[in-house]
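Chain by chain, the residues:
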Amino acid sequence: MIRPDLSPEVAAALEAGRPVVALESTIVSHGLPWPRNLHLAREVEAEVRAGGAIPATVAVIDGRLRAGLDAATLDRLARADGIAKLSRADLAVCMAEGRSGATTVAATMIAAARAGIAVFATGGIGGVHRGAETSYDISADLHELAQSPVTVVASGAKAILDLPKTLEVLETLGVPVIAYGQRGFPAFWARESGLEAPLSMDDPAGIARAHRMRGALGLPGGQLVANPIPAEDEIPLAELAPLIETAQQQAEARGIAGKTVTPFLLDRLRALTQGRTLAANEALVRANARLGAAIAQAIATQAADDGRSPRAPLP
């Protein structure tokens, strides 16, 4: 089985049983403009370090799957045009062709599981798109959560999605959805979606124990930790909902579908909120990196206490 090329720092941390947090690279190559994308990538890695863990940003570079990027490679990824956006379906093709690509939630989970990294922090997961009953547009992120044994820290699913259907699919797939510090399921830029999360936990140590118990039971897949955006940075759903509806109508009028829907909607919402969604996105990614580091620390500590490896079991 091919495993990611690890940076020396990530390899040493995993070998010593120290906490590591995987980070995706799509936000670097597709989520933000230069140089804001590079600044955020560095800030998120710094948040992980401040929390006592080692960051492992994941990407495909010249056909090699890598976990842990040096400064020069991260800079190259942030500046480059035409970087592929990789999920489970196209990860292998990109590698086989020797090209470079940024990893989405699903592809980052694959890399983290194969590297033995137990925790992955991101912004928001994909999910069930509105109108999926006719388009069948459902993100591969949901199925990956049911397959790769990684705890994913995100601010719920993106608010542009059909959140009730997303939660239903996650339940069907057997994925634990744990709201952190509240009962409500967050909606990315908003702390509350109006939906109750299936599970709720208030302590990184408890989330770590749940992660390790899934491994002990031999259950496939990981768990989703839904961490609400900090209160001072949120855009309430009551304000967002009509703007999302407007953006959705504009997408339909232009015939935008498939992989281009999400980038279009995010770009329109950025314009409709005068950039507030962009600032909120940055804030929630940093908050998720902090929580991811705390959970990774707890997993490593618990593993050391009982003399077992903190690494996520391979599929």
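Being a predicted model, the structure only gives us computed values, none of them experimental.

Q: Please clarify how the pattern of salt bridges should be interpreted in this entry.
A: Two side chains carrying opposite charge are able to pair once their charged atoms lie near each other. On inspection of all chains with the given rule, the structure shows 14 salt bridges. Ionic pairing is found between Glu-282 and Arg-36, a salt bridge with its closest N-O pair at 2.5 Å. With Glu-282 in helix α13 (residues 276-306) and Arg-36 in helix α3 (residues 36-50), this residue pair connects regions lying 246 residues apart in the sequence. On the basis of relative accessibility, which here comes to 10%, the residue Glu-282 falls in the buried class. One salt bridge connects Glu-43 with Arg-286, and the closest N-O pair in it is separated by 3.2 Å. One end of the pair, Glu-43, is in helix α3; the other, Arg-286, is in helix α13, with 243 residues separating them in the sequence. For Arg-286, a relative accessible area of 23% gives the class partly exposed.

Q: It is not clear to me how helix α4 (residues 71-79) should be interpreted in this structure. Could you clarify?
A: Each α-helix winds once per 3.6 residues, and so residues spaced three or four apart point in a common direction. Residues of α4 that are buried: Thr-73, Leu-74, Asp-75, Leu-77 and Ala-78. Contacts from the buried residues of α4 go to α2 (26-31), α3, β3 (54-61) and β4 (64-67).

Q: Please explain the nonpolar core as it appears in this structure.
A: Soluble globular proteins tend to pack their nonpolar side chains together in the buried interior. Ranked by internal contacts, the top residues of the largest apolar core, which has 100 residues, are Ile-125 and Trp-189. Element by element, the count of residues in this core is highest for α13, at 11 residues.

Q: Even after reading the chapter, I still don't get the environment of Gln-297, so can you show me in this structure?
A: Within the secondary structure layout, Gln-297 lies in helix α13. For the pair Gln-297 and Ile-229, spaced 68 residues apart in sequence, the C-alpha separation works out to 21 Å. Excluding residues that lie within four positions of it along the chain, Gln-297 makes contacts with Pro-19, Gly-51 and Gly-52.

Q: Is there a simple way to think about the pairing of β4 in this case?
A: Remember that side chains alternate between the two faces of the sheet whenever the strand is regular. Where burial is concerned, the two faces of β4 differ: the one with Leu-65 and Ala-67 is buried and the one with Arg-64 and Arg-66 is not. Pairing geometry for strand β1 (residues 5-6) and β4, over 2 bridges, is parallel. Bridged to Leu-6 within β4 is Ala-67. Both β3 and β4 contribute to a ladder of 4 bridges, which runs antiparallel. Bridging across to β4, Val-60 finds its partner in Leu-65. Adjacent in sequence and paired antiparallel, β3 and β4 are bridged by 2 residues, among which Asp-62 carries a positive phi angle near 50°.

Q: What exactly am I supposed to notice about the side chain of Thr-166 here?
A: Mapped onto the secondary structure, Thr-166 falls in helix α9 (residues 163-172). Using a relative accessible area of 0% as the deciding quantity, one classes Thr-166 as buried. For Thr-166, the side chain forms a polar contact with the main-chain nitrogen of Val-128, separated by 2.9 Å.

Cut-offs and rules
Residues numbered from 1 in each chain as written. Predicted model: local features only at pLDDT ≥ 70, side-chain atom pairs only at ≥ 80, totals over all residues. Heavy atoms only, no water. Salt bridge = Lys/Arg side-chain N within 4 Å of Asp/Glu carboxyl O. Helix = DSSP H or I, 4+ residues; strand = E, 2+ residues; numbered from the N terminus. Buried < 20%, exposed > 50% of the residue type's maximum accessible area, 1.4 Å probe, protein only. Contact = heavy atoms within 4.5 Å. Core = buried A, V, L, I, M, F, W, Y, C linked by side-chain atoms within 4.5 Å. Pairing = 2+ DSSP bridges. Polar contact = N/O pair within 3.5 Å; in protein donor to acceptor, adjacent residues only side chain to side chain.

Functional significance is not addressed by these values, which are geometric in nature.
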